[in-house]
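Observations on chain architecture
So the chains spell out like this:
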Amino acid sequence: MRERSPSLTAQRVAAYRLGLERLQTPFGDPSADERLARDVARPMRFTHSEAMAGYLQARTSFFDRVVVNGLERGVSQVACVGAGYDGRALRYAEPGVRWFEIDHPATQADKRARLEQLKLDVSHITFVPLDLDLGGVDAALAQGGFDPEAPSLMLCEGLAVYLDPPILETLLLDLRSLATAGTRLAISLPFSATAPDQLARRERLRAALAALGEPARNELTSDDAAEMLQAARWRTVAVSERSRGAGFTVAAPLWAPAAPEAPPTQSRVGGYLEQLYHRRGTDGLSRHLCDAYDIEVRRIRELDIGVFRVDRRDGPAWVARIFPQARAIQATQRDAAILKFLERSGFPAERCARPEPVTSYQGQAALVTEHLPGRQAKPTETACHRLGDLLGRLHTLTDLPAAATRPGGAWHHLALEGNPAGEVAAILSLLDNAAGRVPASQRDLYQTLLTAASKVDDCQGLPQALIHPDFAPANAVVSAPANPTIIDWTGAGQGPRLWSLAFLLWAAGLTSLKPIDSVISAYRQHVQLEAAELARLTNAIATRPVIFSSWAFATGRERLPSVVERLPKIRARAEKIAARVLKASPAV
């Protein structure tokens, strides 16, 4: 834009939008948006371009939909970078949602004067005057009250073309530092100029901007910018082919730690996600395995976070697990020691692929096991009988090695290691960190969830055994009828045996109570539950579903109302499962 003068292109966009079809919602004040646009457009005289009108209709419709979708997902903050005379903060105003408009001081001062003259309500908008060439968007937003713990929508519409590439890169890094779970970035990028008609459109646009005294300042295509997004720790989210071709992009945070020279993630939830879910250098895993084990790798395919199927040219397939850098390599060596103990005991668990199955890969522990052909077990009565039998056998194993006596049983997607008490502590900490994402209108719902999570039963004080953190059909591979093999022993160790049994009962009885009889009849062939265990059975069964639901909210996977609505259903189902167990159990 021109120094010390309001942006002419921003004024023209406002004038064009007066004639565009807009997305309607039951909230907001479209008339306020239109009053502002008419005020901006009234003195303007310019030649109307059908091509520009068509482009702006597509761009406006895309960003309108992104905003409405974000509000429906529960974002509580919207940041418009390079807002110009955009009126979405008026058109789509919703109670409890804070809007931040970042723009050059000259344009923003003119806009604010118009809003004041029109007597429009802007109490929900925080205006942040900033010359983007100077950087510092993160600091300016923070000073304006932007909360990095709250799920947000960040809009960069019609902005990238005016920023030098280093400035755009800095902007993306700054915005990423403020992102948390549930945050999305929507940005319009210069369209890919490969076909002749696209090249012609691009040059006409550049000429028009230069004539206004606001020339385009980079030669980026949308493909170039996609690489810049990834370097700034954003991952693109799927949009329609038409939107992508026009340069419209939506991105979510890529949970990787910031480079030393980049601003770090400010959100505590974001830091947690980076610590547990980031894996370094996965593209070099094939070479590492070849060098470490003298094998020939044909292909590597990711199955889950940090879990890879390794197809070999010189032998059967393996599974390689790469653990977070924050998890000590000794913990993974203990995982391997437990697997070797189970093999010596004849227990059907996955087997280590080599005598020394643990290596250090870019500061992360890597464990290789043999790949098990087969399918995931289903919670049928036959499969549940077999799983109940295997769990009973596991809980009666004796002469445990030192590795198997460590505190175990915590879900490794929530806690790096530890027992159920550690898992409960981890979810309570995560919920506390996520408190900032809760709008005022949902504080009661949040308190309901926090109370439910605080009352879960970690089964401490009950009989101990070697336990698997997630003993359920999802972690049983069936290669022959009625012969499941248990996988994913990360974090196994000493813990309350009821913890594992309760989760198996939940998984078995989620849709039908009949498999419960199969589980408990087989388990009782090895273990008789004590009176104290039976007395705490209902709470134990409900614990993991409550923890999973809390985790889904805290990490932005589910909205708080739907999570809280599920809590009574969890309790009711746990009571039915426990009643079925008690009916089948002899008096103690």
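Residues numbered from 1 in each chain as written. Predicted model: local features only at pLDDT ≥ 70, side-chain atom pairs only at ≥ 80, totals over all residues. Heavy atoms only, no water.

**Looking at the pattern of salt bridges**
Taken as a whole, this structure holds 34 salt bridges when the rule is applied. Its salt-bridge partner being Arg299, residue Asp311 comes within 3.1 Å of it at the nearest N-O pair. Taken as a pair, Asp311 in strand S9 (residues 307–312) and Arg299 in strand S8 (residues 297–304) lie far apart in primary sequence, twelve residues in all. Residues joined by salt bridges that share partners form a network here, namely Arg17, Arg22, Asp33, Glu34, Arg59, Asp64, Asp86, Arg88, Arg91 and Glu157. (Salt bridge = Lys/Arg side-chain N within 4 Å of Asp/Glu carboxyl O. Helix = DSSP H or I, 4+ residues; strand = E, 2+ residues; numbered from the N terminus.)

**Here's the deal with the nonpolar core**
By size, the foremost hydrophobic cluster in this structure holds 87 residues, and its most contacted members are Leu342, Trp489, Leu501, Leu505, Ile541 and Phe553. Those residues in contact with Phe553 that lie beyond four places of it in its chain are Leu431, Ala434, Arg437, Val438, Tyr446, Leu449, Glu558, Leu560 and Val563. (Core = buried A, V, L, I, M, F, W, Y, C linked by side-chain atoms within 4.5 Å. Buried < 20%, exposed > 50% of the residue type's maximum accessible area, 1.4 Å probe, protein only. Contact = heavy atoms within 4.5 Å.)

**Description of the sheet that holds strand S5 (residues 184–188)**
A sheet is described by the order of its strands in space; here seven strands give the open sequence S3-S2-S1-S4-S5-S7-S6, paired in mixed fashion. For this open sheet the edge positions go to strand S3 (125–129) and strand S6 (234–237), each flanked by a neighbour on one side alone. With direction set aside, neighbouring strand axes in the sheet form an average angle of 20°. When S5 meets strand S7 (residues 248–253), the two strands line up antiparallel, connected through four bridges. Bridge pairing in S7 links Ile187 to Thr249. Across the face of the sheet, helix H7 (residues 165–177) comes into contact with strand S1 (77–81), strand S4 (152–156), S5, S6 and S7 while running at roughly 160° to S5. (Pairing = 2+ DSSP bridges. Axes fitted to C-alpha atoms, helices over the stretch in contact; angles between N-to-C directions.)

**Digging into the packing of helix H15 (residues 420–433) against helix H16 (residues 443–454)**
The description of two packed helices rests on the angle between their axes and on the distance between the axes. Put simply, H15 and H16 touch, their axes get as near as 10 Å, and they point 165° apart. On the basis of their axis angle, the class for H15 and H16 is roughly antiparallel. For the pair H15 and H16, the sense of crossing is left-handed. Every residue of H16 that contacts H15 at Leu428, Leu431 and Asp432 is listed here: Tyr446, Leu449, Leu450, Ala453 and Ser454. (Parallel < 35°, antiparallel > 145°, perpendicular 65-115°, else oblique. Left-handed = near helix turned anticlockwise from the far one by under 90°.)

**Comments concerning the environment of Arg299**
Relative accessible area serves as the criterion here: at 41%, Arg299 is assigned to the partly exposed category. In this structure the C-alpha to C-alpha distance between Arg299 and Ala331, which are 32 residues apart in sequence, comes to 28 Å. Discounting residues that sit within four places of it in the chain, Arg299 has contacts with Arg309, Val310 and Asp311.

**Details of the packing of aromatic side chains**
Tallied over the entire structure, the rule returns eleven aromatic pairs. Seen from their ring centres, Tyr55 and Phe248 are 6.0 Å apart, and the 40° between their planes marks the pair as tilted. Of this pair, Tyr55 sits in helix H3 (residues 50–73) while Phe248 sits in strand S7, and the two are 193 residues apart along the sequence. When the ring of Tyr293 is compared with that of Trp318, the centres are 5.4 Å apart and the planes differ by 85°; the resulting orientation is edge-to-face. With Tyr293 in helix H12 (residues 285–293) and Trp318 in strand S10 (residues 318–322), this pair connects stretches of sequence that are 25 residues apart. Residues Tyr293 and Trp318 agree in their burial class; the two are buried. Grouping aromatic residues by their ring pairs yields a cluster made of Tyr55, Phe62, Phe63 and Phe248. (Phe/Tyr/Trp six-rings, centres within 6.5 Å; stacked < 30°, edge-to-face > 60°.)

**Quick notes on unusual backbone geometry**
Unusually for a residue other than glycine, Gln362 sits at a positive phi of about 50°. Residue class for Gln362 comes out partly exposed when judged on its relative accessible area of 39%. Although it is not a glycine, Asp488 sits at a positive phi angle of roughly 60°. Here Asp488 is to be found in the loop between strand S16 (484–486) and strand S17 (493–496). Look at Asp488 and you get buried, because its relative accessible area is 16%.

**Quick word on the packing of helix H17 (residues 497–508) against helix H20 (residues 537–554)**
In the contact formed by H17 and H20, the axes pass within 8 Å of each other and the chain directions differ by 70°. Between H17 and H20, the interaxial angle falls into the category roughly perpendicular. Touching Leu498, Trp499, Ala502, Phe503, Leu505 and Trp506 of H17 are Leu537, Ala540, Ile541, Thr543, Arg544, Pro545, Ile547 and Phe548, all from H20. Partitioning the contact of H17 with H20 into residue classes produces twelve nonpolar, one polar and one charged. (Nonpolar A, V, L, I, M, F, W, Y, C, P; charged D, E, K, R; others polar.)

**Overview of the pairing of S7**
Across the six residues of S7, six count as buried, placing the element largely inside the fold. The sheet contact formed by S6 and S7 spans four bridges and is antiparallel. Bridge pairing in S7 places Val237 opposite Val250.

**Some words on the sheet that holds strand S15 (residues 476–478)**
The strand order across the open sheet built from three strands is S13-S15-S16, with neighbouring strands paired in antiparallel fashion. Every other strand in the sheet has two partners, leaving strand S13 (375–376) and S16 as the edge strands with one partner each. Sheet analysis places S15 next to S16, joined by three bridges and oriented antiparallel. The residue of S16 that forms the bridge with Ala476 is Ile486.

**Focus on the environment of Arg279**
Tracing the sequence through the fold places Arg279 in the loop between helix H11 (268–277) and H12. By relative accessible area, Arg279 is classed as buried at 15%. Residues Arg279 and Val68, 211 residues apart in the sequence, show an inter-C-alpha distance of 33 Å. Dropping the residues within four chain positions of it, Arg279 is found in contact with Ile305, Gly306, Ile322, Phe323, Pro324 and Gln364. Separated by 2.4 Å, the side chain of Arg279 and the backbone oxygen of Ile322 make a polar contact. (Polar contact = N/O pair within 3.5 Å; in protein donor to acceptor, adjacent residues only side chain to side chain.)

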